[in-house]
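Chain residues, written in single-letter form:
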Amino acid sequence: MLLLYSGGLDTSVMLKWIQDSYEAEVVCLTVNLGQPGEDYEVIRDKALRLGALECHVIDAREEFAGAYVAPAIKANALYGGSYPLFTALGRPLIAKLAVAYARESGCDTIAHGCTGKGNDQVRIEATIATLAPELKVIAPVRSWQMGRDEEIAYALEHGIPIKSHATEGAETAPYSIDDNLWGRSSEGRWIEDLEQAPEDDVFQLVTRPEDAPDEAEVVELGFERGLPVTLNGERLGLVELLERVAELGARHGVGIVDHIEDRIVGLKVRDIYEVPAAAIVLPAHQDLERLVSTIHENQFKPELDRQWAFLVYAGLWWEPLREDLDAYMERVNERVTGTIGVKLYKGHARVITRSSPNAVYDASLASFAQSGGLFSQASSPGFIELWSLQSRMAWRLHNKD
């Protein structure tokens, strides 16, 4: 059996539980998508100590950035208006790698640590069913009837190391964390109480805005064909650029999202997200895209962006419509080249400068200081008469005595 292993509480308990419950030999797979602060040798050693036959650790940051985050940037991908799809983007890649390593290792089953109340079970299992319908899938968290406290008790009983928050010497359930180079989510504990304000210990990535520097900082992002390629004039690969932008945003308290989310399984939940890179790159891209596109493109594309984000959020990465939408995103982004300046200050990221060789903009036309030329103000009365014609006719028709 292949187990998707993170080294956290759920999958560590699962590794031991599967061996005992199924009398199965377990191969672990750990995927590096840019999770900050992880020591993958420690994770590998922990898996082996807990009885795994082997633990594959895969650095998939470049593929994740290039094949998953990049199209999300071009699609301005936000679910519910505020959630950058970092977890949703990572799951189809992780599941694809799980299929490859399960086949390579001769496993007939893949085990994952998703709950029955989340979206990730759909994203992972839909991918496996699409790419490898011959493989079986198990999700012990959906069946073993253990909550976080019971998992901690199981871990302590079986000598499984856990990360926890200690209160007066007692073990308390940690937050449920997922992260990668595009963001971090926290669930559980007080987050489930909608009337409770965020506690400071949840913010392990982004500085609290109150504690951010008192001086603003301006960063310049250079884009080519829809993707960021330079930071403050320095050309960088996408992974390094996103990591550096995340550091800048985190320092200035940028990217905290306290979000009420409609899950695809029907639940409405609260999540705390820390998304410093996405909170800077997405608004910069969107602003540049508006600058180089026509009014009609700018009216139309947000509808496709919303549909793209929904498909990915809902676990339908392999849906042909997503690839169809990608074709349009690629076409529009051919012109999204230029430089955007973003001011970072105490939790805010605000676009303040923009330039592009493809801008559908002419200062002489936009200026109130001039008239004539390509834009004749004398033509405006006739335009207004024709533009409002049907509306005026309809109003009169509907308001007859």
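Small disclaimer: the values here were computed from a predicted structure and weren't measured.

**Q** Would you mind showing me how to read the pattern of salt bridges here?
**A** Oppositely charged side chains are able to pair whenever their charged atoms sit close together. Considering all chains together, one arrives at 34 salt bridges under this definition. One connected set of salt bridges, linked through shared partners, spans Arg91, Asp120, Arg123 and Asp178.

**Q** I would appreciate a short explanation of the sheet that holds strand β11 (residues 183-187) in the present structure.
**A** Strands belonging to one sheet form pairs held by backbone hydrogen bonds; the direction of such a pair is parallel or antiparallel. Taken in spatial order, the four strands make up an open sheet running β10-β11-β16-β15, and their pairing is antiparallel. Lying at the two open borders of the sheet, with one neighbouring strand each, are β10 (176-180) and β15 (256-262). Here the average twist between neighbouring strands, direction ignored, is 25°. Pairing geometry for β11 and strand β16 (residues 268-274), over three bridges, is antiparallel. Looking at β16, one finds that Arg184 is bridged to Glu274.

**Q** It is not clear to me how the sheet that holds strand β17 (residues 338-345) should be interpreted in this structure. Could you clarify?
**A** The five strands lie next to each other as β14-β13-β12-β17-β18, forming an open sheet whose pairing is antiparallel. This sheet does not close on itself; its edge strands, each paired only once, are β14 (234-235) and β18 (348-355). In this sheet, strand β13 (residues 227-231) lies alongside strand β12 (residues 217-224) in antiparallel orientation, the contact comprising four bridges. Note on β13: the bridge partner recorded for Gly222 is Thr230. In the packing of helix α8 (residues 276-292) onto the sheet, contacts are made with β12, β13, β17 and β18, and the angle to β18 comes to roughly 35°.

**Q** Looking at this structure, how should I read the packing of helix α4 (residues 86-105) against helix α5 (residues 120-131)?
**A** In a pair of packed helices, the angle between the axes and the distance between the axes together describe the arrangement. The contact between α4 and α5 brings their axes to 9 Å, and the two run at 40°. It follows from the interaxial angle that α4 and α5 lie oblique. Relative to α5, α4 is oriented so that their crossing is right-handed. Two secondary-structure elements touch here, α4 through Thr87, Ala88, Arg91, Pro92, Ala95, Lys96, Val99 and Arg103 and α5 through Asp120, Arg123, Ile124, Thr127, Ile128 and Leu131. A per-class count over the contact of α4 with α5 returns seven nonpolar, two polar and five charged.

Conventions and cut-offs
- Residues numbered from 1 in each chain as written.
- Predicted model: local features only at pLDDT ≥ 70, side-chain atom pairs only at ≥ 80, totals over all residues.
- Heavy atoms only, no water.
- Salt bridge = Lys/Arg side-chain N within 4 Å of Asp/Glu carboxyl O.
- Pairing = 2+ DSSP bridges.
- Helix = DSSP H or I, 4+ residues; strand = E, 2+ residues; numbered from the N terminus.
- Axes fitted to C-alpha atoms, helices over the stretch in contact; angles between N-to-C directions.
- Contact = heavy atoms within 4.5 Å.
- Parallel < 35°, antiparallel > 145°, perpendicular 65-115°, else oblique.
- Left-handed = near helix turned anticlockwise from the far one by under 90°.
- Nonpolar A, V, L, I, M, F, W, Y, C, P; charged D, E, K, R; others polar.

None of this, on its own, says anything about what the molecule does.
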